[in-house]
Amino acid sequence: MNLELKKAIDQISKDKGIDREMLIDTLEEAIRASVTKKYGDKMDIEVTFNEETGEIEVYQFKIVVEEVEDPDTEILMVEAVKHDPNVELDDAIGFRLQVEDLGRIAAQSAKQVIIQRMRDAEQEIIFEEYKNRKGEIVSGIIQRRDRSGWIINLGRTEALLPKDKQIPRERFRQGDRVEGLIIDVRKEGRGPQIIITRSDPEYMTALFRREVPEVADGTVNIMGVARDPGLRAKVTVLSQDSNVDPVGACVGIRGSRIHSIVQELRGERIDIVLWSPDIATYAANALSPARISKIAIDDEEKSLEVVVPEDQLTPAIGKKGQNVKLAAKLLGWKIDIFTNSRFNKVHKNRHLLEQLASAAQVSVADFTEAGFDSLEAMAACTNEQLLDIQGISEENIGALRGALNLLISQNREETPEESEESETKGAVEGEDADYADGDEA
């Protein structure tokens, strides 16, 4: 008995995790295709795998007739009774073909079909295994680099770490072990394409879920993550148990838990922020370590004007605006940072513009849309430039000039002339405030 084929099928099924019946069906189909290729597609062929002998059995069936017109599909009655004495006209009688007689080319064709079907089956198994693993951290070995990014060997398959999903300035070498979060699994011609990331906020969330038991069991919730990958991140947390400190749980004893995450992210600094339903409290927490004096909220525009002491402007904004940008991403609100003096000056200008708009019977929005944000800027313009303001005509421009001069005069009497030093400081603060605009985040 030829049991080698049976052993091979059992071994492949075990090693590759491919269904045994599917392998047998593939083998039978491959042999059928080879017979058809050798003898033509008119032949009525039946291919079966004999479990007892471990052999592939091929039978050709012919119709019993009195006169043969097609020898590939018909057989004379006198010839048929030699094989089966009980045969009758129009019966189908089978003749066994020897697989060895198929020829070298046909056998090679069968082998290719089997290999391809096995490969397809293995790829389908891998796809089914990984398609439901999105959001899971996987680990692999750097295998090579191509134009798309790094190819990572996961064992049975490969994953792609695209260039835009890498942590900036992170360097790898062939053979390095690397982790990433599965964000997509695609079916492609060459097999399943598994896409992973190291730069997305979801990866940091997954790391906290792995390293912090309280996050894994839902006691502590990650409410939001904002990252500047490789440099700094802010993670908002909320405890569902009043006895559990969410910040302490994430940091761990002597920083053991947060240290593991920072180490995995190549030193990325992580701020743990306590979430609050009150947007002002939440913003103050998000802008830590800066101390906040007050916060003005515009719910309609979803913007915040944050006022800080003079010595807190730099920590509030952060290096290259990083602190306020991450806070704005975390909140989803626009954030403008002001020092106390700058805030008072801006709001005083706004109040004066409102008085002028009322006197001129136009809206403040008409002034700002025309590019005017202070009385001094308007006073320096010609009448032709002032006529560009919506609602201002030649008939009421005189009234506008009169109100403008009166307000400027009153303001000078109420506010002493600022020193050259304070003017310079205000200009620097204004530049920083613009840079801290949350829309830049």
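These remarks concern the structure in this document. Note that this is a predicted model, so its numbers are computed, not measured.

So, how was this worked out
Residues numbered from 1 in each chain as written. Predicted model: local features only at pLDDT ≥ 70, side-chain atom pairs only at ≥ 80, totals over all residues. Heavy atoms only, no water. Salt bridge = Lys/Arg side-chain N within 4 Å of Asp/Glu carboxyl O. Helix = DSSP H or I, 4+ residues; strand = E, 2+ residues; numbered from the N terminus. Buried < 20%, exposed > 50% of the residue type's maximum accessible area, 1.4 Å probe, protein only. Core = buried A, V, L, I, M, F, W, Y, C linked by side-chain atoms within 4.5 Å. Contact = heavy atoms within 4.5 Å. Patch = residues over 30% accessible without salt bridge, like charges linked within 9 Å, V, L, I, M, F, W, Y side chains within 5 Å. Areas by Shrake-Rupley, 256 points an atom, 1.4 Å probe, with all protein chains shown as cover. Lys, Arg positive; Asp, Glu negative; His and termini not counted. Charge placed at Lys NZ, Arg CZ, Asp CG, Glu CD. Phe/Tyr/Trp six-rings, centres within 6.5 Å; stacked < 30°, edge-to-face > 60°. Pairing = 2+ DSSP bridges. Axes fitted to C-alpha atoms, helices over the stretch in contact; angles between N-to-C directions. Parallel < 35°, antiparallel > 145°, perpendicular 65-115°, else oblique. Left-handed = near helix turned anticlockwise from the far one by under 90°. Nonpolar A, V, L, I, M, F, W, Y, C, P; charged D, E, K, R; others polar.

### Description of the pattern of salt bridges
Piece 1. What the rule picks out here adds up to 22 salt bridges.
Piece 2. Two residues, Lys187 and Glu124, come together in a salt bridge whose shortest N-O distance is 3.1 Å. A residue pair is termed long-range when its members are at least 10 positions apart, and Lys187 in strand E8 (residues 177-188) and Glu124 in helix H4 (residues 104-130) qualify at 63 residues.
Piece 3. Since its relative accessible area comes to 54%, Lys187 is described here as exposed.
Piece 4. For Glu124, a relative accessible area of 32% puts it in the partly exposed group.
Piece 5. What emerges from the salt-bridge pattern is a single network uniting Glu129, Arg133, Glu136 and Arg156.

### A look at the nonpolar core
Piece 1. Residues Leu304, Val306, Leu330, Leu331, Ile335 and Ile337 are the most contacted members of the largest nonpolar core, which totals 23 residues.
Piece 2. At the level of elements, helix H9 (279-286), strand E14 (303-308), helix H10 (313-317), helix H11 (322-331) and strand E15 (334-339) are the ones that each hand at least two residues to this core.
Piece 3. No other element matches H11, which puts 6 residues into this core.
Piece 4. Beyond its immediate chain neighbours, meaning those up to four positions away, Leu331 contacts Ile279, Tyr282, Ala283, Ala286 and Leu304.
Piece 5. Within the second largest apolar cluster, 22 residues are counted, among which are Tyr203, Val235, Ile258 and Leu265.

### Concerning a positive patch on the surface
Piece 1. Taken together, the side chains of Arg145, Lys163, Arg169, Arg171, Lys319 and Lys320 define a basic patch exposed on the protein surface.
Piece 2. Residue Lys319 is classed as exposed on the basis of its relative accessible area of 68%.

### Points about the packing of aromatic side chains
Any pair of aromatic rings gets described here by the distance separating the centres and the angle formed by the planes.
Piece 1. Inspection of every chain in the model, using the stated rule, returns 2 aromatic pairs.
Piece 2. Look at Trp150 and Phe172: their rings are 5.9 Å apart centre to centre, the planes differ by 85°, and that puts the pair in the edge-to-face class. Of this pair, Trp150 sits in strand E6 (residues 149-153) while Phe172 sits in the loop between strand E7 (158-162) and E8, placing them 22 residues apart in sequence.

### Concerning a negative patch on the surface
Piece 1. A surface patch of negative charge is lined by Glu66, Glu67, Glu69, Asp84, Glu88, Asp90 and Asp91.
Piece 2. With respect to the element layout, Glu66 can be found in the loop between strand E2 (55-65) and strand E3 (74-76).
Piece 3. A relative accessible area of 65% means that Glu66 is categorised as exposed.

### Re the sheet that holds E15
Piece 1. Pairing is mixed in the open sheet, where 3 strands are placed in the order E13-E14-E15. The sheet terminates laterally at strand E13 (294-298) and E15, the two strands that pair on one side only. Across the sheet, the mean angle from the axis of one strand to that of its neighbour is 20°, orientation sign disregarded.
Piece 2. As paired strands, E14 and E15 are joined by 6 bridges and run parallel to one another. Counted as the bridge partner of Val307 is Phe338 from E15.
Piece 3. Contacts between H9 and the sheet are confined to E13 and E14, with E13 contributing the most and set at about 125° to the helix.

### A few points about the sheet that holds E6
Piece 1. On the basis of which strands lie adjacent, the closed barrel formed by 5 strands has the order E5-E6-E7-E9-E8 and mixed pairing. Taking the axes of each pair of neighbouring strands and ignoring which way they run, one obtains an average angle of 50° across the sheet.
Piece 2. Sheet analysis places E8 next to strand E9 (residues 191-197), joined by 7 bridges and oriented antiparallel. Paired with Glu188 across the strands is Gly191, a residue of E9.
Piece 3. Seen against the sheet, helix H5 (residues 201-211) touches strand E5 (137-145), E8 and E9 and runs at an angle of roughly 120° to E8.

### So, the packing of H5 against helix H8 (residues 256-264)
Piece 1. Here H5 crosses H8 at 140°, and the two axes come no closer than 10 Å. Here H5 lies oblique to H8, going by the angle between them. You can see that H5 and H8 cross each other, and the crossing is right-handed. Contacts between H5 and H8 pair Tyr203, Leu207, Phe208 and Glu211 from the former with Arg257, Ile258, Ser260, Ile261 and Glu264 from the latter.
Piece 2. Of the residues that constitute the contact of H5 with H8, the class distribution is 5 nonpolar, 1 polar and 3 charged.

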